[in-house]
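Here are the chains, one letter per residue:
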Amino acid sequence: MSNTEIISKIKSWRNVANDYEDYFIKFALEYFVFNALLRITYFPNRDGVKDRGLINRLKQDSECKNYILKNTKKWINEFKKELDRKPLKNLTRIENLRLESLEDWDNLVEGVYWIRNNLFHGYKSPGDERDQRLVKIGYHLLFGFNDYMLKRAQKGD
């Protein structure tokens, strides 16, 4: 499948996500987009790359880092405040995460990935207020990542 076809599908998923008000659904749909964008950006002709490889490659991307830190400040600040109140737990590995600063890129990327893991592995609850806040923040951060990565993918097409 060509990048043009994948980008078309990505835009369709984003349109579907936009139709929902529930941030759990919006987050899940934007994460599908995020995953696809990371694959076509970093490993375009390679199958079998695991999510951890995609996340590690993203953490090395200084252009994306600069864009996200500049354009999603509100949501990074909200995320830091939330994690300062109570660290994020990766319930599949029993670890905790905080943002050391508003420019803590590695932990920002890990935090969004941990929200995904906790949600997709059944540890987040739509009835829990903190989970609602984390998923909403995570969605807005993903939205910023996806805007940037989509623009970048379209330039390379």
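Just above, that's the structure.
A brief structural summary. (Residues numbered from 1 in each chain as written. Predicted model: local features only at pLDDT ≥ 70, side-chain atom pairs only at ≥ 80, totals over all residues. Heavy atoms only, no water.)

1. Some remarks on the overall build of the protein chain
- Counting its secondary structure elements, the protein chain contains 7 helices and 2 strands.
- For the protein chain, the α and β elements follow one another from N to C terminus as α-α-α-α-α-β-β-α-α.
- The C-alpha radius of gyration computed for the protein chain amounts to 15 Å, which stays within 12% of the reference 15 Å derived for 157 residues, consistent with globular compactness.
- Residues classed as buried in the protein chain amount to 46% of the 157 residues present.
- Of the roughly 8600 Å² that the protein chain leaves accessible, carbon and sulfur atoms contribute 46%.
- Measuring between centres, the 29 positive side-chain charges of the protein chain sit 2 Å from its 23 negative side-chain charges. (Helix = DSSP H or I, 4+ residues; strand = E, 2+ residues; numbered from the N terminus. Rg over C-alpha atoms; globule rule 2.2 N^0.38 Å. Buried < 20%, exposed > 50% of the residue type's maximum accessible area, 1.4 Å probe, protein only. Areas by Shrake-Rupley, 256 points an atom, 1.4 Å probe, with all protein chains shown as cover. Lys, Arg positive; Asp, Glu negative; His and termini not counted. Charge placed at Lys NZ, Arg CZ, Asp CG, Glu CD.)

2. Comments concerning a nonpolar patch on the surface
- There is a patch of nonpolar side chains on the surface, built from Trp13, Val16, Tyr20, Ile25, Phe32 and Phe120 and spanning about 520 Å² of accessible area.
- Taken together, the elements giving at least two residues each to the nonpolar patch come down to helix 1 (3-18) and helix 2 (23-42).
- When you line up the elements, tyrosine 20 lands in the loop between helix 1 and helix 2. (Patch = residues over 30% accessible without salt bridge, like charges linked within 9 Å, V, L, I, M, F, W, Y side chains within 5 Å. Salt bridge = Lys/Arg side-chain N within 4 Å of Asp/Glu carboxyl O.)

3. As for the environment of lysine 89
- Structurally, the position occupied by lysine 89 is in strand 1 (residues 88-90).
- Sequence separation between lysine 89 and glycine 111 is 22 residues, and the spatial gap between their C-alpha atoms is 9.1 Å.
- Ignoring anything within four residues of it in the chain, the contact list for lysine 89 reads Glu95, Asn96, Trp114 and Asn118. (Contact = heavy atoms within 4.5 Å.)

4. With respect to helix 6 (residues 105-120)
- Taking 1.5 Å per residue, 16 residues should reach 22 Å; helix 6 reaches 23 Å between its end C-alpha atoms and fits that length.
- Of the residues flanking the end of helix 6, it is glycine 122, one or two places downstream, whose phi is positive at about 90 degrees. (Expected span 1.5 Å × (residues − 1).)

5. Some thoughts on helix 2
- The first and last C-alpha atoms of helix 2 sit 27 Å apart over 20 residues, in line with the 28 Å expected at 1.5 Å per residue.
- Of all 20 residues that make up helix 2, 14 are buried, and the element is covered over most of its length.

6. A short note on the packing of aromatic side chains
- All told, the structure shown has 10 aromatic pairs when counted by the stated rule.
- On the basis of an interplanar angle of 25 degrees and a centroid distance of 6.1 Å, the ring pair of phenylalanine 27 and tyrosine 31 is categorised as stacked. Pair noted here: phenylalanine 27 and tyrosine 31 are both in helix 2, with a separation of 4 residues, about one helical turn. Across the pair, tyrosine 31 and phenylalanine 27 agree in class, each one buried.
- On the numbers, 5.9 Å between centres and 75 degrees between planes, the contact of tyrosine 31 with phenylalanine 120 is edge-to-face. (Phe/Tyr/Trp six-rings, centres within 6.5 Å; stacked < 30°, edge-to-face > 60°.)

7. Concerning the environment of glycine 138
- Among the structural elements, glycine 138 can be located in helix 7 (residues 129-156).
- When its relative accessible area of 0% is taken as the criterion, glycine 138 is described as buried.
- As for glycine 138 and isoleucine 115, which are separated by 23 residues in sequence, their C-alpha atoms are 7.0 Å apart.
- If near-sequence neighbours (up to four positions away) are discounted, glycine 138 is found in contact with Phe27 and Ile115.

8. Side note on the side chain of aspartate 104
- Along the chain, aspartate 104 falls in the loop between strand 2 (95-97) and helix 6.
- Comment: no salt bridge for buried aspartate 104; closest opposite-charge side chain is lysine 80, at 8.1 Å.

9. Some remarks on the nonpolar core
- Leu58, Phe79, Leu108 and Phe145 are the most contacted members of the largest nonpolar core, which totals 46 residues.
- Ranked by the residues each element gives to this core, the list is headed by helix 7, at 11 residues. (Core = buried A, V, L, I, M, F, W, Y, C linked by side-chain atoms within 4.5 Å.)

10. Remarks on the pattern of salt bridges
- Using the criterion set out here, one finds 12 salt bridges in the structure.
- A salt bridge links arginine 130 to glutamate 82, with the shortest nitrogen-to-oxygen separation between them at 2.9 Å. Of this pair, arginine 130 sits in helix 7 while glutamate 82 sits in helix 5 (residues 73-85), placing them 48 residues apart in sequence. Summarising the burial analysis for this pair, arginine 130 and glutamate 82 share the class buried.
- Between glutamate 82 and arginine 133 there is a salt bridge whose closest N-O contact spans 2.8 Å. With a gap of 51 residues between them, glutamate 82 in helix 5 and arginine 133 in helix 7 connect regions that are remote in the sequence.

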